[in-house]
Amino acid sequence: IYELYMIYIIVPTFGNVEKTKDFLYSVKKSINKDYLVLLVDDHPENLTLNSVDQNSYTKVISSKKELWWVGSINLGIKLLFEEYSVCDDDIVIFANNDVEIEEGCFEILQSEIQKNKNQIVHPRTLDQNGDEVSSGAKILTLFPYMTRHPKNFNKNKEIIHMGTARFLMFSGTVLNKIGYVNNDLVQYGGDNDFTLTAKHFHKIDTYILKDAICKLDDTQTGIKNHNIKNISQLYNSFFAVKSPNNIKYRFILFKKFFGNVGAFFITVSITINTIVKFIFKIR
């Protein structure tokens, strides 16, 4: 039954062409079946489209207008639905171009999906220094908002509610149930939206698998909490589109699942957490 399925990998890109090539090479080494990487090039100068060789395994789509991460993923999903007629047995992956998957990673994830098509799986993530970083979060309480990020665990897999899309894998069955990511999110939170939608509306769980590893190049500068140096940068991070701290998009993410009131209190709680952590960091 699993011999005829296809593997589709959707990767939003915005420049960073060498990293994209490294990602493609790691995929080529790891997957020994037919697969198709859909690279969505969101750069105005089409850097990926002009630099990456297209073949039966790699297709580059120009976004033509600025789509950001969420729009790029949704364009990839639209292509799967309309041009590739994704089947229930197919494998679909959302991936970022700043990762490389270790050999064996794909097989471990795939084998887990084949045990149960109604789940989402993700590898553990190591950064460029070999340190494990978050691959997703389990929500412990909503207010005050507290989460746990499973790392260095002993079980074969750990459940999470908020997945990351470094190499997020699921079956065509799951994609056909969930459909598109919330387009209002623009840049951050789309991966969380996908896994929370799976859990809340479809009873589909997301797991990090202990033995599957992807490597992340976290050297790219962006607004991340460990990069924020002063109060002004912290304040700006609450309003910048390119920041995971953005208050507006956090509210939009949680409103879908917990309503306006719940989303308000969760967003306030996360924002307070961010400020308190910053104060402790600079002391």
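Structure's up top.
A quick note: this is a predicted structure, and the numbers were derived from the prediction, not measured. (Residues numbered from 1 in each chain as written. Predicted model: local features only at pLDDT ≥ 70, side-chain atom pairs only at ≥ 80, totals over all residues. Heavy atoms only, no water.)

### With respect to the pattern of salt bridges
Oppositely charged side chains can form a pair if their charged atoms are brought close together.
Part 1 of the argument: In total, this model carries 13 salt bridges according to the counting rule given.
Part 2 of the argument: Note that Lys117 and Asp89 form a salt bridge whose closest N and O atoms lie 2.7 Å from each other. On the criterion of sequence distance, the pair formed by Lys117 in the loop between helix H4 (105-115) and strand S6 (119-126) and Asp89 in the loop between helix H3 (68-82) and strand S4 (91-95) is long-range, its members being 28 residues apart.
Part 3 of the argument: For Asp89, a relative accessible area of 21% gives the class partly exposed.
Part 4 of the argument: Of the charged contacts in the structure, one is a salt bridge between Lys115 and Glu112, with a shortest N-O distance of 3.4 Å. A residue pair is termed a helical-turn pair when its members lie 3 or 4 positions apart in one helix, as Lys115 and Glu112 do in helix H4 at three residues.
Part 5 of the argument: Note on Lys115: relative accessible area 63%, which makes it exposed.
Part 6 of the argument: Salt bridges sharing common partners tie together Lys19, Asp22 and Asp217. (Salt bridge = Lys/Arg side-chain N within 4 Å of Asp/Glu carboxyl O. Helix = DSSP H or I, 4+ residues; strand = E, 2+ residues; numbered from the N terminus. Buried < 20%, exposed > 50% of the residue type's maximum accessible area, 1.4 Å probe, protein only.)

### Quick look at the sheet that holds strand S11 (residues 162-163)
Remark on secondary structure: sheet strands pair via backbone hydrogen bonds, oriented parallel or antiparallel.
Part 1 of the argument: Judged by pairing direction, the sheet is antiparallel, and its three strands sit side by side in the order S9-S8-S11 without closing on themselves. Lying at the two open borders of the sheet, with one neighbouring strand each, are strand S9 (146-148) and S11.
Part 2 of the argument: With two bridges joining them, strand S8 (residues 136-141) and S11 adopt antiparallel strand pairing. What sits directly across from Gly136, in S11, is Gly163. (Pairing = 2+ DSSP bridges.)

### Thoughts on the pairing of strand S12 (residues 167-171)
Part 1 of the argument: With five of five residues buried, S12 is to be regarded as a mostly interior element.
Part 2 of the argument: Where S4 and S12 come together, five bridges link them in antiparallel fashion. Bridging across to S12, Ile91 finds its partner in Ser171.
Part 3 of the argument: Relative to S12, S6 runs antiparallel, the two being bridged by two bridges. Following the sheet pairing, Val121 is matched in S12 by Met169.

### Describing the environment of Pro244
Part 1 of the argument: Relative to the helices and strands, Pro244 is located in the loop between helix H7 (231-237) and helix H8 (247-282).
Part 2 of the argument: Residue classification places Pro244 among the partly exposed residues on the basis of a relative accessible area of 31%.

### Details of the nonpolar core
One broad rule of soluble globular proteins: the nonpolar side chains tend to lie buried together.
Part 1 of the argument: In this structure, Leu80, Phe94, Ile120, Phe170, Leu175, Phe194 and Phe254 are the most contacted members of the largest nonpolar core, which totals 40 residues.
Part 2 of the argument: A total of eight residues in this core trace back to one element, the largest contributor, which is H8.
Part 3 of the argument: Leu175 has contacts with Ile77, Leu80, Phe81, Val86, Val92, Phe94, Phe170 and Phe194, leaving out every residue within four places of it along the chain.
Part 4 of the argument: If you look at the next biggest cluster of nonpolar residues, it comprises 32 residues, including Ile7, Ile31, Ile91 and Ile101. (Core = buried A, V, L, I, M, F, W, Y, C linked by side-chain atoms within 4.5 Å. Contact = heavy atoms within 4.5 Å.)

### What about the packing of aromatic side chains?
Any pair of aromatic rings gets described here by the distance separating the centres and the angle formed by the planes.
Part 1 of the argument: Within the structure shown, the criterion is met by 14 aromatic pairs.
Part 2 of the argument: Taking 5.6 Å as the distance between ring centres and 50° as the angle between the ring planes, the aromatic pair formed by Tyr8 and Tyr84 counts as tilted. Highlighted residues: Tyr8 in strand S1 (residues 7-13) and Tyr84 in the loop between H3 and S4, separated in sequence by 76 residues.
Part 3 of the argument: According to the relative accessible area criterion, Tyr8 is buried, its value standing at 6%.
Part 4 of the argument: On the basis of relative accessibility, which here comes to 23%, the residue Tyr84 falls in the partly exposed class.
Part 5 of the argument: An angle of 65° between the planes, with centres 5.7 Å apart, marks the rings of Tyr145 and Phe254 as edge-to-face. Of the two residues, Tyr145 is situated in the loop between S8 and S9 and Phe254 in helix H8; the sequence distance between them amounts to 109 residues.
Part 6 of the argument: According to the relative accessible area criterion, Tyr145 is buried, its value standing at 9%.
Part 7 of the argument: An aromatic cluster is built from Tyr145, Phe201, Phe254, Phe257 and Phe258, whose rings are joined through pairwise contacts.
Part 8 of the argument: Cation over ring: Lys33 sits above Tyr5, and NZ or CZ is 4.7 Å from the ring centre. (Phe/Tyr/Trp six-rings, centres within 6.5 Å; stacked < 30°, edge-to-face > 60°. Lys NZ or Arg CZ within 6 Å of the ring centre and 35° of its normal.)

Purely geometric numbers; function is a separate question.
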